[in-house]
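# Chain and residue survey
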Amino acid sequence: EQWPKGDEKVWRAGTRGLDTDVPSITKTFVNHVQTSLARQAYNLDNLGAYQAAALSVRDNLLVNWNETQMNYTRKAPKRAYYLSLEFLMGRTLDNAMLNLGLKDKYVEGVKKLGFSIEDILEQERDAALGNGGLGRLAACYLDSSASQELPVWGYGLRYKYGIFQQLISPEGNQLEAPDPWLDNQNPWELPRLDVSYEVRFYGSADRLNDGSGRSNWHGGQEVLAVAYDVMIPGYNTPTTNNLRLWESKPKRGFDLNSFNAGDYEHAVESSNSAAAITSVLYPNDHTSFGKELRLKQQYFWTAASLQDIIRRFKNLGKPITEFPDYAAIQLNDTHPTLAIPELMRVLIDDEDLDWGTAWQIVTNTFFYTNHTVLPEALEKWPVPLIEHVLPRHMQIIYDINLFFLQAVEKKFPDDRDRLSRMSLIEEGQPKQVRMAHLACIGSRKVNGVAELHSDLVQTTILKDFVEFEGVSKFGNVTNGITPRRWLDQCNPELSALISKTLKLDKNVWLKDLTKLEGLLPFAEDKKFRTEWAAIKQRNKERLAHHVQTTLGLTVRTDAMYDVQIKRLHEYKRQTLNILGVIHRYLTLKAMTTAERAKTNRRVVFFAGKAAPAYYIAKLTIRLIVNVARVINADPDTKDFLQLYFLPDYSVSLAEVLIPASDISQHISTAGTEASGTSNMKFCLNGGLLLGTVDGANIEIAEEVGESNVFFFGHLTPAVEDLRHQHLYHPVPIEEKCPALANVLNEVSKGLFGDGGVYEPLLNTVRHGDYYLLTDDFDSYIAALAMVDEAYLDTEEWIKKSIRTTAKMGKFSSDRAILEYAESYWNIEAIPVAAAK
Ligand code: NBX
């Protein structure tokens, strides 16, 4: 209440406002060079200039961040919290300047100081605290929450090492190196050494047996969670939200007893084990491993986040039963599911609530988003491991299960199969906790990430739960992407052309992306089409230049650019693509020179990381790299077909690849890709889509029209039957799909180096063929031919490209986040008055 201490006028005089003109920007820049970096004009390199620019931009973000947080505290609205083990943020500087509306001024300012903004931007390392789509989705949602002025905070872990750096050996093997992204200092985070919580592991949990259901959990290891805050600027608004990342550290520096006894190793042991918790991001997408350190990460993060959220709620002075009126917690996949038993523990053991009241609060607080229906990806934790690491939580999970199964039994008497299917505990050696079941029953609502996927969630993995709880608990929120990063930032020329054509300031259409529909009539305008195509061409040249300078390879720019960039996985079928490339190569080889000259020139790009232990995925990379080596060197074909595997795929590489693409491939086996989000990014940038009838491809086609996408392959309902046939009525591949059999034989025979190396990969297709390559190959090749034919009609192609961009409004993450805010979290925009 007593604010300010001392003389208000003195406070006001010292309060910093926003930099809004070039002189004040250059002034803060130079100040930071001098007093934050301890450097001078004569010895400032690009890295130093980046750091100075970043610190200057950060000052501006902080002004807005302070206003925003104070406003939230004053107005005390219901808030939402996005719990995600992954935030794949990429670079920050460019995005922050654009969201602040200060980019032009910074460009001018750094130029006056002798630097180019491009050189400065290239200095920044990606914040790569995620594997793929799930982590990048979290980043897009933070951008949209702030842009829509919603009171949303993210909670995650501050990994010392992000997703590994991918190197490719001379043989074509993926090698992994650590990603020490914090080594150059990180100007975008604010260490909050004063915000810290204790988190316990191991020990024992003794039931009190006083009828209260409470336990006393004691002993074991206690570690500290320390907060690091990352500012999340909204676009064209002062609202600047917060992403809070936790770092683990020992509660006490080291064990003084051992130290004094001269046992230094033992003295630092426990301190190392505390620091290990947030040391590295696990690089496995779509597999559940059951590793103790991963479980500790999950608990450490959920326990710290809940303590922080509860403390903030308690500052309001409301009774704990009103908690769900002030906090909605979104679980990004099952990774934060321990938050459910943890909140039960806090409410029962610490807050003294009875079970029923506590469960009521819990099930009104949490919301669960599922991102996959692949069985191998559904998280399960061994009961003995949870018992060891989190003994109290295992008790609570058993109690939840008991009450739950009693209720199921009541509704469906004498249905033992149903009870065992629905149980939180899967029988076996060892027993395992099914995290998706726990997340489902502990949440207010459950959603999938695209229409088809949400249907599959309800009809397959959670079918019994729909029958038990009613369908209204289950919904869909189709994913979205932020048009700020994925159009304005990565494709500035296209953004400028759109603004000019729509006669709208970009502030308007970037916040209401359906405005892009205004481009539709211009598809008929020859001059506009020429400008549109010229921008695509310059984006190809930008990509070719990037490949030239980073890899020393010369890529031709007078060709169709065909791109598949995503994590390597059998279900995503990069194998189908590379086998298709080989088929194309063999076809070209068999042609006469005159025939070849009539074909469509194609440059095929791949990029993506394989999980380090995923042998087949790594073998696919090796095949791609070695096919590239052969065909790029073949004088017969190299003018018509080129192939590149770009190492170390990242958000910043995607920002160069996506705007350059004519066609991109999203070719998962039907029913396996929950949504996909890069499909949206390509289409927003006027790239056409070649894909299966899967995930959000379906909704993209609904929007842009089937005539503007290239679909192929079997549909989801056919998949089960086809797999059954493969198992019980296998047809030899030579009979079923001769073209594919021929391709496999050429690989086996050693056309791309030692054929034997690839046998395990080829055998996944020859035998079992779980991902249905033999079923889809012919229609895939036919679809590729249709793409070629369409591309040769240049004007028609450009029309398709324009129409595609024009109809992508639905896929803004603003739309998605507003659906969460309105239909799930029940929160509202809390605008902040602009700082002066
Ligand atoms: O989430 C992805 C899905 O595969 C995409 O279809 C979807 O568009 C995207 C966003 O909803 N899932 C994903 O990226 N998963 C992971 O990265 C992952 C990471 C760790 C883990 C399991 C999955 N243990």
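Per chain, the residues get numbers from 1 upward, laid out in the order the sequence is written. Whole-chain, interface and lining totals are the exception, using all residues; otherwise, since this is a predicted model, local features are given only for residues with pLDDT of at least 70 and side-chain atom pairs are given and counted only at 80 or more.

## Comments concerning the overall build of the protein
- Elements are defined by DSSP. Helices are runs of H or I of four residues or more, strands are runs of E of two residues or more, and each kind is numbered from the N terminus. Of regular secondary structure, the protein possesses 36 helices and 24 strands.
- Here the radius of gyration uses the C-alpha set of atoms, whereas the globule reference equals 2.2 Å times the residue count to the power 0.38. Against the 2.2 N^0.38 benchmark of 28 Å for 836 residues, the protein shows a C-alpha radius of gyration of 28 Å, consistent with a compact globule.
- C-alpha extents for the protein along the principal axes are approximately 85 × 75 × 60 Å.
- Restricting the contact set of the protein to residue pairs at least 6 apart, pairs at least 24 apart contribute 76%. Two residues qualify as being in contact provided that their C-beta atoms, derived from the backbone, are within 7 Å of each other.

## So, the site of the ligand
- Contacts to the ligand come from 19 residues, most closely from Gly-133, Leu-134, Asp-285, Ala-674 and Ser-675.
- Charged means Asp, Glu, Lys or Arg here, nonpolar means Ala, Val, Leu, Ile, Met, Phe, Trp, Tyr, Cys or Pro, and polar covers whatever is left, Gly included. Looking at the shell around the ligand residue by residue, the class counts come to five nonpolar, twelve polar and two charged.
- Segment limits for the domains were obtained from an automatic or database-derived domain assignment. Both domains that furnish three or more residues to the shell around the ligand are identified here as domain 2 (76-91 + 126-478) and domain 3 (492-811). What makes a residue near a molecule or strand is its C-beta atom, placed from the backbone, lying within 6 Å of it.

## Brief notes about the nonpolar core
- With 228 residues, the main nonpolar core has Ala-53, Phe-300, Phe-605 and Val-627 as its most contacted residues.
- Per-element tally for this core: the top contributor is helix α26 (residues 615-632), with nine residues.
- Residue contacts for Ala-53: discarding those within four places in its chain leaves Phe-29, Leu-93, Tyr-106, Val-110 and Ile-120. Core membership is restricted to buried Ala, Val, Leu, Ile, Met, Phe, Trp, Tyr and Cys residues, and these are joined into a nonpolar core through C-beta atoms within 7 Å. Remark: C-beta atoms are placed from the backbone, and a residue is labelled buried if 20 or more other C-beta atoms sit within 10 Å of its own, exposed if 12 or fewer do, or partly exposed between those counts.

## What about the sheet that holds strand β17 (residues 445-448)?
- Read across the open sheet, the nine strands follow the order β7-β10-β11-β4-β1-β12-β13-β17-β18; overall the sheet is mixed. Looking at which strands have only one partner, the edges of the open sheet turn out to be β7 (189-201) and β18 (474-476). Along the sheet, successive strands turn relative to each other by an average axial angle of 25°, direction set aside.
- Paired strands are those between which DSSP finds at least two bridges. Pairing between β17 and β18: three bridges, direction parallel. When the bridges of β18 are listed, Gly-448 appears paired with Asn-476.
- Here an angle of 0 to 180 degrees is reported between the N-to-C directions of two axes, which are lines fitted to C-alpha atoms, with helices fitted over the stretch in contact. Where helix α3 (residues 46-75) meets the sheet, its contacts fall on β10 (221-233) and β11 (240-250), and the angle it forms with β11 comes to roughly 95°.

## A word on α3
- A helix is expected to reach a length of 1.5 Å times the quantity of its residues less one. For α3, built from 30 residues, the straight-helix expectation of 44 Å at 1.5 Å per residue is met to within 8% by its first-to-last C-alpha distance of 43 Å.
- In the stretch just after α3, Ala-76 is the one whose phi turns positive, near 45°.

## Let's talk about the pairing of strand β12 (residues 327-332)
- By the criterion of burial, β12 is predominantly enclosed, with six of the six residues buried.
- Neither face of β12 is open: one carries Ala-327, Ile-329 and Leu-331, the other Ala-328, Gln-330 and Asn-332, and all of them are buried.
- Direction of pairing for strand β1 (residues 79-83) relative to β12: parallel, over a ladder of five bridges. Each bridged residue has a counterpart across the sheet, and for Arg-79 the counterpart in β12 is Ala-327.
- Sheet analysis places β12 next to strand β13 (residues 366-369), joined by four bridges and oriented parallel. Bridging from a neighbouring strand, Leu-331 pairs with Tyr-368 of β13.

## As for the confidence of the model for the protein
- Summary statistics for the protein give a mean pLDDT of 97 and a share of 99% for residues scoring 70 or more.
- Per the prediction output, this complex has pTM 0.98; the corresponding ipTM is 0.99. Each residue carries a pLDDT value, the predictor's own confidence for that position, ranging from 0 to 100.

## Concerning the sheet that holds strand β24 (residues 709-712)
- Ordered in space as β21-β20-β19-β22-β23-β24, the six strands form an open sheet in which the pairing is parallel. Edge positions in the sheet fall to β21 (641-645) and β24, since each of these pairs with one other strand and no more. Strand after strand, the sheet turns through a mean of 20° between neighbouring axes, direction not considered.
- The sheet strands contacting helix α24 (residues 574-589) are β19 (560-565), β20 (602-607), β21 and β22 (663-666), and the helix crosses β21 at an angle near 150°.

## A few points about the packing of α26 against helix α33 (residues 759-766)
- Axis separation between α26 and α33 bottoms out at 9 Å; the angle between their running directions is 110°. One finds that α26 runs roughly perpendicular with respect to α33. Contacts from Ile-616, Leu-619, Thr-620 and Leu-623 in α26 reach Pro-760, Leu-761 and Thr-764 in α33.
- Considered class by class, the residues forming the contact of α26 with α33 number five nonpolar, two polar and no charged. To sort the angles, those under 35 degrees are grouped as roughly parallel, those over 145 as roughly antiparallel, those from 65 to 115 as roughly perpendicular, and the leftovers as oblique.

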